[in-house]
Amino acid sequence: MEGISVDDDQAVGIVFDQFDGLLTRHRDRHLLDVAETGADAIKAAHRIVARLRRALPGLRLIRRPGRMAGRAHGGDADA
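Conventions used here
- Residues numbered from 1 in each chain as written.
- Predicted model: local features only at pLDDT ≥ 70, side-chain atom pairs only at ≥ 80, totals over all residues.
- Heavy atoms only, no water.
- Core = buried A, V, L, I, M, F, W, Y, C linked by side-chain atoms within 4.5 Å.
- Buried < 20%, exposed > 50% of the residue type's maximum accessible area, 1.4 Å probe, protein only.
- Helix = DSSP H or I, 4+ residues; strand = E, 2+ residues; numbered from the N terminus.
- Contact = heavy atoms within 4.5 Å.
- Pairing = 2+ DSSP bridges.
- Polar contact = N/O pair within 3.5 Å; in protein donor to acceptor, adjacent residues only side chain to side chain.

Draft legend 1. Spotlight on the nonpolar core. M1, I4, A11, I14, V15, F19, L23, I48, L52, L56 and L59 together form the largest nonpolar core, which totals eleven residues. Secondary-structure elements contributing two or more residues to this core are helix 1 (9-19) and helix 2 (41-55). Top contributing element to this core by residue count: helix 1, with four residues. Excluding residues that lie within four positions of it along the chain, A11 makes contacts with I4 and L56.

Structure (structure tokens):
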């Protein structure tokens, strides 16, 4: 993702307070970890993206190759 930074206290607060999420940086890449409910993974993804865009208009989401919405934690999605 681009457009917000871990150095932006307001964005970090919004992610934490409104989305129970975490904004981190690893090797100069900012990562956003949030979760959403929905009838299926696609509907949940659409819902969270719409909510994020309303709350953080400067946010630009970038799809990470090999990562899938709805995949359970604990396994490596690239494997």
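Having seen the model, we can carry on.
Draft legend 2. The arrangement of the pairing of strand 1 (residues 22-26) in detail. Inspection of the sheet shows strand 1 paired to strand 2 (residues 29-33) by five bridges, in the antiparallel sense. Its bridge partner lying in strand 2, L22 is registered against D33. Between strand 1 and the antiparallel strand that follows it, strand 2, lie two residues; R27 among them carries a positive phi value of about 50 degrees.

Draft legend 3. Spatial organisation of the side chain of H30. Following the sequence through the fold, H30 ends up in strand 2. Residue classification places H30 among the buried positions, given a relative accessible area of 16%. Reaching out from H30, the side chain makes a polar contact with the side chain of S5 at a distance of 3.4 Å. Looking at H30, its side chain comes within polar contact range of the main-chain nitrogen of V6, at 3.3 Å. Once you skip the residues sitting within four places of it in the chain, H30 turns out to touch M1, I4, S5, V6, T24 and R25.

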